[in-house]
Protein chains: 2
Amino acid sequence: MKQSIRSFLLFLVIALPGANIPSVFADDKVYRWRLAETWGPNFPIFGDTTKNMAKMVEEMSNGRLLIRIDSANRHKSALGIFDFVKNGQYQMGHSASYYWKGKDINTMFFTTLPFGMTTPEQFAWFYYGGGEALMKEVYDKYGILSFPGGNTGNQMGGWFRKEINTLEDLQGLKMRIPGFAGEVLAELGVKPTNIASGELYTALERNTIDALEWVGPSLDLRMGFHKIAPYYYTGWHEPATELQFMVNKKAYESLPADLQAILKIAMKAAAYDMYSQSMHESALNLATIQTEYPNVKIKTFPEPVMQAIKKANDKLLAEFAAKDPMSKKILDSIQAYAKDARAWTNFSDRAYLDSMDD
Amino acid sequence: MKQSIRSFLLFLVIALPGANIPSVFADDKVYRWRLAETWGPNFPIFGDTTKNMAKMVEEMSNGRLLIRIDSANRHKSALGIFDFVKNGQYQMGHSASYYWKGKDINTMFFTTLPFGMTTPEQFAWFYYGGGEALMKEVYDKYGILSFPGGNTGNQMGGWFRKEINTLEDLQGLKMRIPGFAGEVLAELGVKPTNIASGELYTALERNTIDALEWVGPSLDLRMGFHKIAPYYYTGWHEPATELQFMVNKKAYESLPADLQAILKIAMKAAAYDMYSQSMHESALNLATIQTEYPNVKIKTFPEPVMQAIKKANDKLLAEFAAKDPMSKKILDSIQAYAKDARAWTNFSDRAYLDSMDD
């Protein structure tokens, strides 16, 4: 049978009214979407997350929703993702919500906060404790749907060339620590700077900076910082960095319901998977660092330093809450949730970890 | 157009060879599956997980894979799930792998182990560290595919009517603690018993037993144990209890590839979601217990007691490894993985939680 005849018959079957047609017949259209990600091509873990999501969508949809991933080398605008998705230039984006704090301060609270929730606590908040609904409220006015996009787990406090013993040691310290965490440290006299990732190693080696934070063993190992900075400090500033999937609302609404479900669930599974992958790579890479570079010392800031950082953080968060009712609403939700969740974490995993040291 | 004419046209479109037809056309068949779960009807969290999975499958498949859930009241065999799925009586089951240790000792290691991994560590092991492949190896010979099925998080050590101060206090203690953890405590003189859940409260109240473990605040609150046992001990025996989805292998292979993907990803998302839900319910219910029953004391076993339990556990696990090469292979994988993962957990979340107390 000629394809044209087949097409005509198919037209008759599908187009004429009054049908009792299985709903799959109406939705055989192939949707070709594009996703812009902040990361460069083949960036580990972060980039695996978008590939993982797109692959799940393709398999589950039987090829009816195909998502092409453009990395930063292609779209040339690592921090243009929000606008790409808002304008519909891309149907989807993968980035981190706190990058948009200059556009809307309330986007900042959906990534992580200094002294905030751990990853399991934060996933519970997003999916069961009202976090997703608050995120929807913030992003709605931009025509963007925002979803959790993968967690790095607790990020390390950074690589330091000198040990931090007192608050004095932070005075004038040049540190690559972008975003809100940098603002917190600035309160204590740190000079936060931002430097492109490709120049970080040299900047640290040549003392252009004294310290830097990146992610944690999962992504730090390949950067080589352990070769030139012997002090690796434990984290306080990003206890549960959650990346973000963004979807153009109109594009999402143009999908049939089954593809909407497939997309949402693939994003969720990929977000959870990234936390598992981060745990995995962190464990392996930490072991490598400790075996091959036994001179690296893992330290925690002394108590008075931590106290001062916490105080500066509380002050800045209180200022946000005072300035904007939506900020207050989100911070109130996070703080109330974190209080109950932390009590449970302390009696469960923390008590357990402590007892394993006996 | 008459339905009969439509059907005939449809037949021409689909049945004639040489077609370039979108593959969705070949798979419009509706698969009606049944899942048997160990739990009673509307059992919280565990039962929510099967409903969550089935709902995701229905939405993503556009109704092409429908899974009816039979709870224990219907199939009348809470611990018959393995056989139901093996025999193909049910296409799917939801239970816990360690229930099958009487059939195959190697099924026991895929739920949790005393002093074993935490939930994030264990998810990383399953999905990135080789755990799933080992589970496949164990279940393959039964024609069953087994997948992670949802995590309770760290389970509490149980409700005790008297405080445990020394190893003497464990001598002759009658405790409801089934499975391997009961065997470990038996080494220290505890008399482990199993009692049906509906009779637990009365057994504890009437001193038929001195102590019991159930799950944790997420599921203990509704049981009311806090009203009659003032000591709530932190956990050691089930740090990351993972439930299990089982799928009859032949039934799985009879599904088209897209439905296989939908099923697998829905099971994974539901497994992860259960951990978030457990965190959520634990946090809320712990707050309720602490507010409404301030007399409840949360305690950790003293160090010498914990040491003795650990020693007994190590001894029994070494016996398993000596008896069966596959047991050794699985335990070696778990122990090597747990070592590296724990080092990371200690430097990340644990150091962070400790610093929050400063």
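Rules behind the numbers
Residues numbered from 1 in each chain as written. Chains lettered and ligands numbered in written order. Predicted model: local features only at pLDDT ≥ 70, side-chain atom pairs only at ≥ 80, totals over all residues. Helix = DSSP H or I, 4+ residues; strand = E, 2+ residues; numbered from the N terminus. Buried ≥ 20, exposed ≤ 12 C-beta atoms within 10 Å, placed from the backbone. Contact = placed C-beta atoms within 7 Å. Pairing = 2+ DSSP bridges. Nonpolar A, V, L, I, M, F, W, Y, C, P; charged D, E, K, R; others polar. Least-squares fit on C-alpha atoms with pLDDT ≥ 70 in both. Right-handed = clockwise from strand over helix to strand, strands pointing away. Domains from an automatic or database assignment. Axes fitted to C-alpha atoms, helices over the stretch in contact; angles between N-to-C directions. Parallel < 35°, antiparallel > 145°, perpendicular 65-115°, else oblique. Left-handed = near helix turned anticlockwise from the far one by under 90°. Core = buried A, V, L, I, M, F, W, Y, C linked by C-beta atoms within 7 Å. Expected span 1.5 Å × (residues − 1). Arc of directions from axis to C-beta. pLDDT = per-residue confidence, 0-100.

Here we take up the overall build of chain A. Scanning chain A from terminus to terminus reveals 13 helices and 11 strands. Projecting the C-alpha coordinates of chain A onto the three principal axes gives extents of approximately 80 × 45 × 45 Å. Counting only residues that meet the buried cut, chain A has 48% of its 358 residues in that class. Taking the contacts inside chain A whose residues are at least 6 apart along the sequence as the reference set, 78% of them involve residues at least 24 apart.

A few words on the pairing of strand β3 (residues 92-95) of chain B. Along any regular strand, the residues point their side chains to alternate faces of the sheet. Residue and element names in this part refer to chain B. The alternating pattern of β3 places M92 and H94 and G93 and S95 on opposite faces, both of which are buried. Note that strand β1 (residues 31-37) and β3 share three bridges and pair parallel. Across the sheet, residue L35 finds its bridge partner in β3, namely M92. Strand direction decides the pairing type here: β3 and strand β10 (residues 242-248), joined by four bridges, are antiparallel. What sits directly across from M92, in β10, is V247.

The next subject is the interface of chain B and chain A. How big an interface is tends to be reported as the loss of accessible area on association of its parts. With 77 residues of chain B at the interface, the matching set in chain A holds 77 residues. Counting residues per element, the ones that place at least two in the side of chain B that touches chain A are α1 (3-15), α2 (46-60), α5 (119-128), α11 (257-292), α12 (303-323) and α13 (325-356) of chain B. With 19 residues, the single largest contributor to the side of chain B that touches chain A is α11 of chain B. Among the residues making up the side of chain B that touches chain A, the classes are represented as 43 nonpolar, 22 polar and 12 charged.

A word on the relation of the copies chain B and chain A. Relative to chain A, chain B is turned by 180° and slid 0.0 Å along the rotation axis, the superposed coordinates differing by an RMSD of 0.0 Å. Given the turn and translation reported, the copies of this chain are related as if by a two-fold rotation axis.

This paragraph deals with the pairing of strand β1 (residues 31-37) of chain A. All names here are of chain A. Alignment of β1 against strand β2 (residues 65-70), held across six bridges, turns out to be parallel. Residue pairing for β2: R32 is matched across the bridge by L66. Considered for its hand, the β-α-β crossover made up of β1, helix α2 (residues 46-60) and β2 is right-handed.

In this section: the domain arrangement of chain A. Residues and elements named next belong to chain A. The domain architecture assigned to chain A consists of domain 1 (28-151 + 240-280) and domain 2 (158-239 + 293-339). On a C-alpha basis, the centroid separation for the pair domain 1 and domain 2 is 25 Å. Domain 1 puts 23 residues into the contact, and the matching count from domain 2 is 22 residues. Put simply, the parts of the chain that give the side of domain 1 that touches domain 2 at least two residues each are α5 (119-128) and α6 (131-140). Residue classes in the side of domain 1 that touches domain 2 are distributed as 14 nonpolar, eight polar and one charged.

Packing of helix α11 (residues 257-292) of chain A against α13 of chain B brings their axes to within 8 Å, and their N-to-C directions diverge by 95°. It follows from the interaxial angle that α11 of chain A and α13 of chain B lie roughly perpendicular. Between α11 of chain A and α13 of chain B, the contacting residues are M279, S282, A283, L284, L286 and A287 of chain A on the first element and D340, A341, A343, W344 and F347 of chain B on the second. Its residues assigned to classes, the contact of α11 of chain A with α13 of chain B comprises nine nonpolar, one polar and one charged.

Here we come to the packing of α11 of chain A against α11 of chain B. For the pair α11 of chain A and α11 of chain B, the least separation of the axes is 9 Å and the interaxial angle reads 55°. As far as their axial angle goes, α11 of chain B and α11 of chain A are oblique. For the crossing formed where α11 of chain A meets α11 of chain B, the hand is left-handed. Facing I265, A266, K268, A269 and Y272 of chain A of α11 of chain A, the residues of α11 of chain B in contact are I265, A266, K268, A269 and Y272 of chain B.

On to the nonpolar core. If you look at the biggest cluster of nonpolar residues, it comprises 190 residues, and the most contacted ones within it are A266 of chain A together with A266 of chain B. Considering each element in turn, this core owes the most residues, 17 residues, to α11 of chain B.

Residues and elements named next belong to chain B. Spatial ordering of the open sheet is given by β2-β1-β3-β10-β4, a layout of five strands whose pairing is mixed. The open sheet is flanked by β2 (65-70) and β4 (144-151), the only strands paired with a single partner. Put simply, the sheet's adjacent strands are angled 25° from each other on average, direction ignored. Its contacts with the sheet put α2 on β1, β2, β3, β4 and β10, and the angle it makes with β2 is roughly 165°.

Here the focus is the sheet that holds strand β8 (residues 211-212) of chain B. All names here are of chain B. A sheet is described by the order of its strands in space; here six strands give the open sequence β7-β6-β8-β5-β9-β11, paired in mixed fashion. Each edge of the open sheet is held by one strand with a lone partner, namely β7 (191-193) and β11 (297-299). As defined by bridge partners, strand β6 (residues 174-176) adjoins β7 across three bridges and the pair is classed as parallel. Bridging from a neighbouring strand, K174 pairs with K191 of β7.

Here we come to helix α12 (residues 303-323) of chain A. Residues and elements named next belong to chain A. Taking 1.5 Å of rise per residue, 21 residues should cover 30 Å, and α12 covers 30 Å from first to last C-alpha, within 8% of that figure. Of all the positions in α12, only V305, I309, N313 and L317 are classed as buried. Take α12 and look down its axis: the buried residues cluster within an arc of 95°, on one side only. Counted as exposed and oriented over 90 degrees from the buried face of α12: E303, P304, K315, A318, E319 and A322. Considering only its buried residues, α12 is in contact with α7 (179-186) and α13 (325-356).

We now examine α7 of chain A. Residues and elements named next belong to chain A. If you check which residues of α7 are buried, you get F180, A181, V184 and L185. Across the axial projection of α7, the buried residues extend over an arc of 140°, all falling on one side. For α7, the elements touching its buried residues are β6 (174-176), β7 (191-193) and α12.

What follows covers the environment of L263 of chain B. Residue and element names in this part refer to chain B. Residue position: L263 is located in helix α11. In this structure L263 comes out as buried when scored by C-beta crowding, with 28 C-beta atoms within 10 Å. Between the C-alpha atoms of L263 and H75, which are 188 residues apart in sequence, the distance is 23 Å. Residues contacting L263, with those up to four places away along its chain left out, are V57, L65 and L255.

The subject of this paragraph is the environment of W33 of chain B. All names here are of chain B. Tracing the backbone through its elements, the reader meets W33 in strand β1. When the 20 C-beta atoms within 10 Å are taken as the criterion, W33 is described as buried. Along the chain, W33 and L66 lie 33 residues apart, while their C-alpha atoms are 6.0 Å from each other. With residues up to four places along the chain from it excluded, the contact list for W33 reads L65, L66, I67, Q91 and M92.

Turning our eyes to something else, we now look at the confidence of the model for chain A. Residue and element names in this part refer to chain A. Confidence in the prediction for chain A averages 93 pLDDT; 92% of positions are at 70 or higher. Across residues 7-26, confidence stays below pLDDT 50; counting only partners more than four residues off in sequence or on other chains, it has 20 contacts. Reported confidences for the modelled complex are a pTM of 0.93 and an ipTM of 0.93.

A few words on unusual backbone geometry. Residue and element names in this part refer to chain A. Although it is not a glycine, N42 adopts a positive phi angle of roughly 55°. Structurally, the position occupied by N42 is in the loop between β1 and α2. The class for N42 is exposed, based on 10 C-beta atoms found within 10 Å. In this model, F115 sits at a positive phi of 60°, which is unusual for a non-glycine residue. With respect to the element layout, F115 can be found in the loop between β3 (92-95) and α5. By C-beta crowding, F115 is classed as partly exposed, having 19 other C-beta atoms within 10 Å.

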